[in-house]
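# Structural description and commentary
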Amino acid sequence: MMATLTKAFKPILGRQLGNTAKVFGAAVNSQRGKPTYPPPAKYGGRHTVTLIPGDGIGPELLNHVRELFRFSCVPVDFEVVHVNSASTSEDDINNAIMAIRRNGVALKGNVETNHTMPPNHKSRNNLLRTSLDLYANMMHCQSLPGVQTRHKNIDIIIIRENTEGEYSSLEHESVSGVVESLKIITRNNSLRIADYAFRLARDKGRRRVTAVHKANIMKLGDGLFLQCCKEVASGYPDIEFDSMIVDNTTMQLVSKPHQFDVMVMPNLYGNVVSNVCAGLVGGPGLVPGANYGRDYAVFETATRNTGKSISNRNIANPTAMLLASCLMLDHLKLHDYANMIRGAILTTMNETRLHTVDIGGQGTTSEVVQSIMRIIQSGGPLTTEI
Amino acid sequence: MSIAARSAPVLFSTRLQPWTGLKSSANNVSLRFKYQSTNPPPAKYGGRHTVTLIPGDGIGPELLNHVRELFRFCCVPVDFEVVRVDSSASSEDDINNAVTAIKRNGVALKGNIETNHNLPPSHNPGTICFDLYANVMHCQSLPGVPTRHKDIDVIIIRENTEGEYSSLEHENVPGVVESLKIITRVNSLRIAEYAFNLAREKGRRKVTAVHKANIMKLGDGLFLQCCKEVAAGYPDITFDKMIVDNTTMQLVSKPQQFDVMVMPNLYGNVVSNVCAGLVGGPGLVPGVNYGKDYAVFETATRNTGKNIANKNIANPTATLLASCLMLDHLKLRAYAKMIRKAVLKTLSETQLQTADLGGQGTTSEVAHSIMQEIQRGGPRTSEQI
């Protein structure tokens, strides 16, 4: 929903890029009012969602998602598109992108990027994000009561710019033995992500937004990012804005994570900070992530792990992927189903304490999923037979 | 622990090849850098060393004063040459003075100098002039400090001169800024060689390279390749690699799996701060910047601590341990051991811990207690406490 705000950017894009008016907050509010971010086309009352299995634990976890949806009679059909990480042609990923354009929503596992392939073989996940312009990655880190962690009661929303920064894949070796990597920061994207962050903070009733940067070293680049955040902040006087250097941020996260509320940052810092936070709340198996663009949304686990070493052994934690599918249901406005499934997952996690190996338990993936299904069944008559 | 690296001419005559996978010649690697353990302690006149002292901003001056008091108290044969570098200097003369002083003395102890974000970008002449290419930080869980993780013992080696810190940025099109991250073969080989050599000297079993080569294929790919080449020359040490996001996540949950870590500049910054946070905060960990001929000692996380300056609440442990590392470098090991022992003993007394560790002590109380501890240890001190 918030992503439609980018329509306000159109007048700015048309003009010369550097002269954005300072009263940014006002400009944003004067957009055409209707929230034109529809749930995608429903035929026969059922949604179609693209499913990209990916590698490693992706396929098995997404199978569980499908089982669960079928069991709970969720009106969602999945269009499965395979992306082969080993093939050098970009046809697979282009098919996937086309499918997502058609459906508008996707649920995906991580596609592995093989380091030994030549450098013109771009990361498939990155290609997907940039082609669909999924500019905001949102990750909501919450401590789950049933999970043993060293820190309690963490509740941080991390918003990460998803398309530019260090992930531009622009590198060259002009002189042999010297590689230059370009990190791109643009005013438009920085304004866009800052606006997304503040709008989300306002919608969710959050009090503070912290921008994470390294402007003491990258003065122009992160300086521009900070400047854009400040401009947007001035349009949201009810929300406090502060900034923190990335190294201090990571140190504070490890000692006092409760001081953070909403955090916004460029791509690479977002990667690191979101992984630190995922580690703080219990690991990569617990946190879902969402990538939002103006017209598309792709849901996946927050830390984007392939989990090759635990694939097909029935020990992966399905929580992250299942919570991601709940986020997807919320996006499709199927809130009842989302709440039902989410409630069941949290009950399994917190009350019955059926944990997988990564959070210190003994359960297998299928046991956890079975338990979730049982809880859903006991919740009411909505299901097919187990 | 001083290592002098020398790059042999053979490095530059290697035939330059296009990027179809860097051809490694593992047998060449060990020849490239000849180590001389004879990195001499700098000139001693009258048996006393001279060390450059750069107070810096924030808590730097007060903590370095404590260091000087302590050294005077323990009769350490070190004289400090104080060079002021102001963060508000509009000309580069201050910095040039500091540079000359360090070149003269070879060793420096410094506090952090605040960087004003609004000033135009300019090269940081500090590390560039001396080619302090390796930043070493040894993170250890200290007894008596309450932390969530126990038994951490990680050495982090961070490339200190290139990477994202090249300060090369430009805005060709208004509203679009390009920052250059530079990775070179020479520097990557050098830092990898340093890391493995250090690991071997300290009897460590594993070196982990931290990178993001799935995204920055050429840049971090080159770094990884260089690490692999160097690793081939050290078969007794295990080498593995890990992507930086996974690394930070593992550090937060299972930091005990890491032994020695080597990485480019920015990841080094983040990872070292995470580790500092894990062992108890920025007030506890010292850091060293080594070059071929020079060494500069400071706190590992390079904080100015503006908001706790002059309030007598800063934790002096990091600066004091940094001065011990400096004494080791100057081969004054007896003094180093004595001071270190006293510092660690004081640290384990909880009622004297400073505010950042959750205690109530002040900086001067801690310094005083350290001096008392040293005096208890023997007759080496001057009279008045």
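Residues numbered from 1 in each chain as written. Chains lettered and ligands numbered in written order. Predicted model: local features only at pLDDT ≥ 70, side-chain atom pairs only at ≥ 80, totals over all residues. Heavy atoms only, no water.

## Some points on the overall build of chain B
Rule in force here: Here a strand is any run of E in DSSP of at least two residues, a helix any run of H or I of at least four, and the numbering for each starts at the N terminus. Here the term buried applies to any residue with accessible area under 20% of the maximum for its type, exposed to any over 50%, and partly exposed to those in between, with areas from a 1.4 Å probe on protein chains only. All accessibility values rest on the Shrake-Rupley procedure with a 1.4 Å probe; residue burial counts only the protein chains present in the view.
Helix and strand content of chain B: eleven helices and 13 strands. Counting across all 385 residues of chain B, residues that qualify as buried make up 58%. Looking at chain B as shown, the accessible area adds up to about 15,700 Å², and 51% of this sits on carbon and sulfur atoms.

## Some words on the interface of chain B and chain A
Stated precisely, the cut-off is as follows: By definition in these notes, contact holds between two residues if any of their heavy atoms fall within 4.5 Å. Summed over both partners, the accessible surface that disappears when two parts come together, traced with a 1.4 Å probe, is what is meant by buried area. A carboxyl oxygen of Asp or Glu within 4 Å of a side-chain nitrogen of Lys or Arg is what we treat as a salt bridge. Here a polar contact is taken to be a pair of N or O atoms separated by no more than 3.5 Å, where protein atoms must pair a possible hydrogen donor with a possible acceptor and residues adjacent in sequence count only if both atoms sit in side chains. Gly counts as polar in this scheme, as do all residues outside two lists: the nonpolar Ala, Val, Leu, Ile, Met, Phe, Trp, Tyr, Cys and Pro, and the charged Asp, Glu, Lys and Arg. DSSP calls a pair of strands paired once it identifies at least 2 bridges connecting them.
Facing the 62 residues of chain B at the interface are 62 residues of chain A. When the area that chain B buries against chain A is broken down by residue, the three leading residues are B:Arg148, B:Lys217 and B:Met249, summing to 14%. In this structure, the connection of chain B to chain A is made through zero salt bridges. At the boundary of chain B with chain A, the tally comes to 21 residue pairs in polar contact (both at pLDDT 80 or more). Taken together, the elements giving at least two residues each to the side of chain B that touches chain A come down to strand 7 (169–173), strand 8 (176–184), helix 6 (219–232), helix 7 (244–253) and helix 8 (265–279) of chain B. Considering only residue class, the side of chain B that touches chain A consists of 29 nonpolar, 23 polar and ten charged. Pairing between strand 7 (residues 178–186) of chain A and strand 8 of chain B: nine bridges, direction antiparallel. What sits directly across from A:Val178, in strand 8 of chain B, is B:Thr184.

## Focus on the confidence of the model for chain B
Under the convention used in this document: Scored from 0 to 100, pLDDT records how confident the predictor is in each individual residue.
Per-chain confidence: chain B averages 82 in pLDDT, with 81% of residues scoring 70 or above. Overall fold confidence for the complex sits at a pTM of 0.83, while the interface term, ipTM, reaches 0.80.

## Here's the deal with the domain arrangement of chain B
Many structure descriptions define interface size as the accessible area lost when the parts assemble. Residue and element names in this part refer to chain B. Put simply, the rule reads: These domain boundaries are the output of an automatic or database domain assignment.
Looking at chain B, the domain boundaries give domain 1 (43–133 + 285–374) and domain 2 (148–170 + 179–279). Residue-level contacts link twelve residues of domain 1 with twelve residues of domain 2. Per-residue buried area on domain 1 facing domain 2 is highest for Tyr133, Thr301 and Arg302; these three make up 47% of the total on that side. Taken together, the connections running from domain 1 to domain 2 amount to one salt bridge. The salt bridge involving Asp131 is made with Arg190; its shortest N-O contact spans 2.6 Å. The tally of links from domain 1 across to domain 2 stands at five residue pairs in polar contact (both at pLDDT 80 or more). Looking at the side of domain 1 that touches domain 2, the elements with two or more residues in it are helix 4 (125–130) and strand 12 (286–290). Broken down by class, the residue content of the side of domain 1 that touches domain 2 amounts to five nonpolar, five polar and two charged.

## Describing the UniProt feature "domain: Isopropylmalate dehydrogenase-like" (unreviewed entry) in chain A
Note the threshold: UniProt positions are given in the numbering used here, feature names are shortened, and annotations may be inferred rather than shown by experiment.
Feature annotation in UniProt assigns "domain: Isopropylmalate dehydrogenase-like" (unreviewed entry) to the following positions: residues 48–372 of chain A. End C-alpha atoms of residues 48–372 of chain A are separated by 24 Å, and the span's content is 39% helix alongside 21% strand.

## Structural notes on the nonpolar core
Residues and elements named next belong to chain A. Just so we agree on the cut-off: Nonpolar core, defined: a set of buried Ala, Val, Leu, Ile, Met, Phe, Trp, Tyr and Cys residues in which side-chain atoms within 4.5 Å join the residues together.
Of all hydrophobic cores here, the largest spans 68 residues; its most connected members are Val76, Ile159 and Met328. Lining this core are residues from two domains, each supplying at least three of them: domain 1 (44–113 + 124–139 + 284–377) and domain 2 (150–281). Excluding its chain neighbours within four sequence positions, the residues that come into contact with Val76 are Arg46, His47, Val49, Phe69, Met328, Leu329, Leu332 and Leu334.

## Digging into the packing of helix 5 (residues 185–201) of chain B against helix 6 of chain B
Residue and element names in this part refer to chain B. The criterion, for reference: Throughout, an axis means a line fitted to C-alpha atoms (over the contacting stretch in the case of helices), and angles, computed between N-to-C directions, take values from 0 to 180 degrees. Geometric relationships in this document are graded by angle, where less than 35 degrees denotes roughly parallel, more than 145 denotes roughly antiparallel, 65 to 115 denotes roughly perpendicular, and other angles denote oblique. If you view the pair so one helix is near and one far, a crossing is left-handed when the near helix is turned anticlockwise from the far one by less than a right angle, and right-handed when it is turned clockwise.
As a packed pair, helix 5 and helix 6 sit with axes 8 Å apart at the nearest point and diverge in direction by 45°. If you check the angle between helix 5 and helix 6, you find them oblique. Helix-helix and strand crossings are classified by hand; for helix 5 and helix 6 the assignment is right-handed. Residue-level inspection shows Arg185, Ser188, Leu189, Ile191, Ala192, Glu193 and Phe196 of helix 5 in contact with helix 6, the latter providing Leu222, Phe223, Cys226, Cys227, Glu229, Val230 and Ala231. Partitioning the contact of helix 5 with helix 6 into residue classes produces ten nonpolar, one polar and three charged.

## Some points on the domain arrangement of chain A
All names here are of chain A. For chain A, the assigned domains read domain 1 (44–113 + 124–139 + 284–377) and domain 2 (150–281). Just the C-alpha atoms count here: the centres of domain 1 and domain 2 sit 25 Å apart. If you look at the interface, domain 1 gives 16 residues, while domain 2 gives 18 residues. Contact between domain 1 and domain 2 buries roughly 1,600 Å² in total, counting both sides, with carbon and sulfur atoms accounting for 53%. At the junction of domain 1 and domain 2, the tally comes to one salt bridge. Where Asp133 meets Arg192, a salt bridge forms, and the shortest distance between an N and an O atom there is 2.9 Å.

## Section: the packing of aromatic side chains
Cut-off, in case you're wondering: Note on ring pairs: Phe, Tyr and Trp rings are taken, using the six-membered ring of Trp, and paired if centres are within 6.5 Å. Classes follow the plane angle, with under 30 degrees stacked, over 60 edge-to-face and the rest tilted.
For the structure shown, the criterion picks out twelve aromatic pairs over all chains. Between A:Phe198 and A:Phe241 the ring centres are 6.0 Å apart and the planes differ by 45°, which places this aromatic pair in the tilted class. Taken as a pair, A:Phe198 in helix 6 (residues 187–203) and A:Phe241 in strand 9 (residues 240–245) lie far apart in primary sequence, 43 residues in all. Taking the centre distance of 6.2 Å and the plane angle of 35° together, the rings of B:Tyr194 and B:Tyr290 count as tilted. Here the residue B:Tyr194 occupies a position in helix 5, and B:Tyr290 occupies one in strand 12, the gap between them amounting to 96 residues. Joined through ring pairs, the aromatic side chains of A:Tyr135, A:Tyr196, A:Tyr292 and A:Phe299 make up one cluster.

## Quick look at the environment of A:Asn248
Here A:Asn248 shows up in helix 8 (residues 246–255). Measuring from C-alpha to C-alpha, the distance between A:Asn248 and A:Lys214 comes to 9.9 Å, with 34 residues separating the pair along the chain.

## Side note on the confidence of the model for chain A
Predicted coordinates in regions of low pLDDT should not be interpreted in detail. With 88% of its residues at a pLDDT of at least 70, chain A reaches an overall mean of 85. Across residues 1–36 of chain A the pLDDT falls below 50, and counting only partners more than four positions away or on other chains, this stretch makes 59 contacts in the model.

## With respect to unusual backbone geometry
Most of the time, phi is negative for any residue but glycine, and the peptide bond is trans. Residues and elements named next belong to chain A. Positive phi values are uncommon outside glycine, yet Arg304 reaches one of about 50°. Secondary-structure assignment places Arg304 in the loop between strand 12 (297–301) and helix 10 (319–331). Not every positive phi belongs to a glycine, and Asn314 is a case in point at roughly 60°. Mapped onto the secondary structure, Asn314 falls in the loop between strand 12 and helix 10.

## As for the sheet that holds strand 6 (residues 171–175) of chain A
Pairing is antiparallel across the open sheet formed by four strands, whose spatial order is 6(A)-7(A)-8(B)-7(B). At either end of the open sheet lies a strand with only one pairing partner, and these are strand 6 of chain A together with strand 7 of chain B. Ignoring strand direction, the axes of neighbouring strands in this sheet form an average angle of 35°. Both strand 6 of chain A and strand 7 of chain A contribute to a ladder of three bridges, which runs antiparallel. In the strand pairing of strand 7 of chain A, A:Glu171 is matched with A:Ser181.

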